[in-house]
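# Descriptive analysis of the structure
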Amino acid sequence: MRALTWQGKHDVRVDTVPDPRIVNPRDAIIEVTATAICGSDLHLYDGVIPGLRPGDVLGHEFMGRVVETGPGSTLKPGQRVVVPFTISCGSCFFCAQGQFSACDNSNPVEAQEASELLYGHAMSGLFGYSHLTGGYPGGQAEYVRVPFSDVGPIVVPDGVPDEQVLFLSDILPTGWMAAENAQIQPGDSVAVWGCGPVGLFTVQSALLMGAEQVIAIDHHPNRLRLARDLGARVIDYRHSHVLEALLEMTGGIGPDAVIDAVGMESHGFAPDNLLDTAKQKVGIGVDRAHVLRMALLAVRKGGRVSVPGVYGGFADKFPLGALMEKGLQIRTGQTHVQKYGQDLLQRILEGQIDTTFLISHRLSLEDAATGYRNFRDNQDEWTKVVLNPR
Amino acid sequence: MPGQDRNARHRDLAVLACAAALSLGAGMLLWRRATGGHRSDDAPGRAARRLDFGGYQVVGRTVTIAAPRSAVHAPWRDPAQLNRIFGGGLKVRPLSEDRMAWILATPSGEIEVETRLVEERAGEILAWRSVDGSGIDVEAKLQLRDAPAGRGTEVEAHIAWRPPWGLPGHWAARLGGTDPGRLCRQALKRLKMLLETGEIATADNRRDS
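Residues numbered from 1 in each chain as written. Chains lettered and ligands numbered in written order. Predicted model: local features only at pLDDT ≥ 70, side-chain atom pairs only at ≥ 80, totals over all residues. Heavy atoms only, no water.

## Regarding the overall build of chain B
Helix and strand counts for chain B stand at five helices and seven strands. Considering chain B as a whole, with its 209 residues, one finds that 38% of them fall into the buried category. Of the contacts made within chain B by residues no fewer than 6 positions apart, 45% connect residues no fewer than 24 positions apart. For chain B, the accessible surface area stands at approximately 12300 Å², while carbon and sulfur atoms represent 54% of it. (Helix = DSSP H or I, 4+ residues; strand = E, 2+ residues; numbered from the N terminus. Buried < 20%, exposed > 50% of the residue type's maximum accessible area, 1.4 Å probe, protein only. Contact = heavy atoms within 4.5 Å. Areas by Shrake-Rupley, 256 points an atom, 1.4 Å probe, with all protein chains shown as cover.)

This is the structure we're talking about:
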């Protein structure tokens, strides 16, 4: 089959690789009909996530048609499914509590030791996202082997276009959980850093959850326009001082909740970010945590901090004093996709949530490398890339 | 006489030294009794900072498995299941009802360890000890107990082994990935996967990959 493989920093190629087969009883094989490039794929493209190997198949946002099932799968050939990027067994202590992205049983034993050393505990398995999370071949391919197919995939009715439901695989539930983690109350002001796909879905979710105002922060005019179209007020950090603006736009109190939808590759001409960038370049630092630092300073006393943005390692100059002295609460984590799938599918089918507004480009899988390059280098125009294997 | 005086003085000093040593010893015994000896905390021995337990290395791991104790016990008496949960790093061959050969693949060739089951109580404990002349001197014990709040079974593995070349042998095994601590940790995790999900997770896209 054809699949997008990672070869090194800024080097991805579509190659021919062996077709997947059923390996475990609960597996299913999916023929991919639509897949997308995620903002977090750019962290892999930029080589800042540890644990990738040349030849790894990327992609964790995908959907398709079931072509083969193992004896333990509950899916049937021919069904259309969206596949969550988190691989979860559904029966361990964590899955039983709805903490699907903390699954104990989906990361192969041999791959667990690295994250145990780095994070203190083994991570769960994820599709197409480094060997720290299992090294599972991803969905930017013609076919994918989906483990625990009786737990993850969301069956979608025929007649609903792929593009309306594709983002149930990651970014829609990720934006939803980011807003949920901000514990929004009526009357709240919520600040969201980053108007990429996750940031935009976070804006949409926060408004649906009853936020009084959502303030979105970015520097790309087109992305800020998309946020404004959703109902957010916006701050362009190239034009305004963000901390001062947030204070002024919230009656001098500060936002009740702040959400970092940027993660480890912050932009901005700030001294801490320049130092982080230099450290990342020479390989002595992993995370550029400029946005998170700013968010901790911006949030009101006793406020809530939600972090859907991906971080991988260590950050210094971290305002621990603000976190403690202001009595902040912080919630974060990879998304528990399986927890939100059915509810969000229903909201899409009822027309409450539109997911297609952010798609800017549709390419064939063969052109995936072009998609990666432009999604990284021309972020204002390239807001979301959907790939079609056929 | 001066010589006798000197002898007497030496005798007195010796008596004093003995008394001092005895007092020190008694004091240390009382202190150890008061503090629980070298075990001044409740952590298991394998978490100790010291590396040497009379020439033995002590390793192990506790894992909680969402399954009843009987289900966690059974695979340890089934060679086919054991071979599955050791994932090829260690192979077992039954020799008799209570004797088993464990074949460890190392970079320098295979090492065979023959063990005898020395203790077994259903759903509570299993213990093996290597027989004389075995490739490695090792004792292994599994203790099973109910986990709190209905979370299943806590399995505590405790292994004491004597590395063939002492501490350097221990580090060589650790670097080569063949130390009993790692093998046991991985086996317990595979057992957990098998009992909780019915399968062992793999990222392989095909059986032949």
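## Side note on the overall build of chain A
Secondary structure assignment for chain A yields 13 helices and 18 strands. Taking 2.2 N^0.38 as the reference for a compact globule, 390 residues should give roughly 21 Å; the C-alpha atoms of chain A span a radius of gyration of 20 Å, in line with that estimate. Each of the 390 residues in chain A was classed as buried or not, and the buried ones make up 61%. Once local pairs closer than 6 in sequence are excluded, the contacts in chain A between residues at least 24 apart make up 72%. Here chain A has roughly 14700 Å² of accessible surface; of this, 53% comes from carbon and sulfur atoms. Charged side chains of chain A number 32 positive and 44 negative; the gap between the two group centres comes to 2 Å. (Rg over C-alpha atoms; globule rule 2.2 N^0.38 Å. Lys, Arg positive; Asp, Glu negative; His and termini not counted. Charge placed at Lys NZ, Arg CZ, Asp CG, Glu CD.)

## Observations regarding the side chain of Gln213 of chain A
Residue and element names in this part refer to chain A. Residue placement: Gln213 occurs in strand S12 (residues 213-218). Here Gln213 falls in the buried class, since its relative accessible area comes to 13%. Side chain to side chain, Gln213 and Arg233 meet in a polar contact 2.8 Å long. For Gln213, the contacting residues outside a window of four places in its chain are Asp188, Ser189, Val190, Arg233, Met249 and Thr250. (Polar contact = N/O pair within 3.5 Å; in protein donor to acceptor, adjacent residues only side chain to side chain.)

## Here we look at the confidence of the model for chain B
Residues and elements named next belong to chain B. Looking at chain B, the pLDDT average stands at 86 and 85% of residues meet or exceed 70. Averaged pLDDT values for the elements of chain B fall to 64 in helix H1 (residues 2-35) and rise to 98 in helix H2 (residues 69-73). Among the prediction metrics, the complex's ipTM stands at 0.92, with pTM recorded as 0.89. (pLDDT = per-residue confidence, 0-100.)

## With respect to the sheet that holds strand S1 (residues 57-65) of chain B
Hydrogen bonds between backbone groups are what pair the strands of a sheet, and the pairing can be parallel or antiparallel. All names here are of chain B. If you trace the seven strands from one edge of the open sheet to the other, you get S1-S7-S6-S5-S4-S3-S2, paired in antiparallel fashion. Of all strands in the sheet, those with a lone pairing partner are S1 and strand S2 (90-94), marking the two edges. In this sheet, neighbouring strand axes are inclined to one another by 20° on average, regardless of whether the strands run parallel or antiparallel. Examined bridge by bridge, strand S3 (residues 99-106) and strand S4 (residues 109-121) share eight bridges and lie antiparallel to one another. Considered in S4, the bridge of Leu104 is made with Ile111. Contacts from helix H5 (residues 180-197) reach S1, S3 and strand S7 (153-162) within the one sheet, and its direction differs from that of S1 by about 10°. (Pairing = 2+ DSSP bridges. Axes fitted to C-alpha atoms, helices over the stretch in contact; angles between N-to-C directions.)

## Examining unusual backbone geometry
Even without glycine at this site, Gln183 of chain A takes up a positive phi of about 45°. For Gln183 of chain A, the position within the fold is in the loop between helix H5 (171-181) and strand S11 (189-193). Positive phi, normally seen in glycine, also occurs at Ala149 of chain B, with a value near 55°. Relative to the helices and strands, Ala149 of chain B resides in the loop between strand S6 (137-146) and S7. Residue classification places Ala149 of chain B among the exposed residues on the basis of a relative accessible area of 75%.

## Considerations on the nonpolar core
Formed by 57 residues in total, the largest nonpolar core has its most connected members in Phe127 of chain A together with Trp76, Leu82, Phe86, Trp102 and Trp128 of chain B. Of the residues forming this core, the biggest block, seven residues, is contributed by H5 of chain B. Counting residues in hydrophobic clusters, the runner-up holds 47 residues, among them Phe167, Val198, Val203 and Val234 of chain A. (Core = buried A, V, L, I, M, F, W, Y, C linked by side-chain atoms within 4.5 Å.)

## Topic: the pattern of salt bridges
The tally for this structure, following the rule as stated, stands at 42 salt bridges over all chains. The partner of Asp27 of chain A in a salt bridge is Arg145 of chain A, and the shortest N-O contact between them spans 2.6 Å. With a gap of 118 residues between them, Asp27 of chain A in the loop between strand S2 (11-16) and strand S3 (28-37) and Arg145 of chain A in strand S9 (residues 143-146) connect regions that are remote in the sequence. Looking at Arg145 of chain A, the relative accessible area reads 3%, which means it is buried. The salt bridge involving Glu113 of chain A is made with Arg185 of chain B; its shortest N-O contact spans 3.1 Å. In this pair, Glu113 of chain A is assigned in helix H3 (residues 109-119) and Arg185 of chain B in helix H5, connecting two distinct chains. (Salt bridge = Lys/Arg side-chain N within 4 Å of Asp/Glu carboxyl O.)

## Considerations on the packing of aromatic side chains
Scanning the entire structure with this criterion turns up 10 aromatic pairs over all chains. Considering the side-chain rings of Phe93 of chain A and Phe94 of chain A, the 5.1 Å spacing of their centres and the 85° angle between planes classify their relative orientation as edge-to-face. Relative accessible area serves as the criterion here: at 24%, Phe94 of chain A is assigned to the partly exposed category. One aromatic cluster in this structure is built from Trp76, Phe86, Trp102 and Trp128 of chain B. (Phe/Tyr/Trp six-rings, centres within 6.5 Å; stacked < 30°, edge-to-face > 60°.)

## What to know about the pairing of strand S13 (residues 233-236) of chain A
Both S12 of chain A and S13 of chain A contribute to a ladder of four bridges, which runs parallel. When the sheet's bridge partners are listed, Ala216 of chain A is paired in S13 of chain A with Val234 of chain A.

## Notes on the interface of chain B and chain A
Contacts between chain B and chain A engage 20 residues on the former and 30 residues on the latter. Taken over both partners, the interface formed by chain B and chain A buries close to 2300 Å², and the fraction arising from carbon and sulfur atoms is 46%. If you sort the residues of chain B by the area they bury against chain A, Glu199, Asn205 and Arg206 of chain B come out on top, with a joint share of 28%. Summed over the shared surface of chain B and chain A, the number is six salt bridges. (Buried area = accessible area lost by both parts, 1.4 Å probe.)

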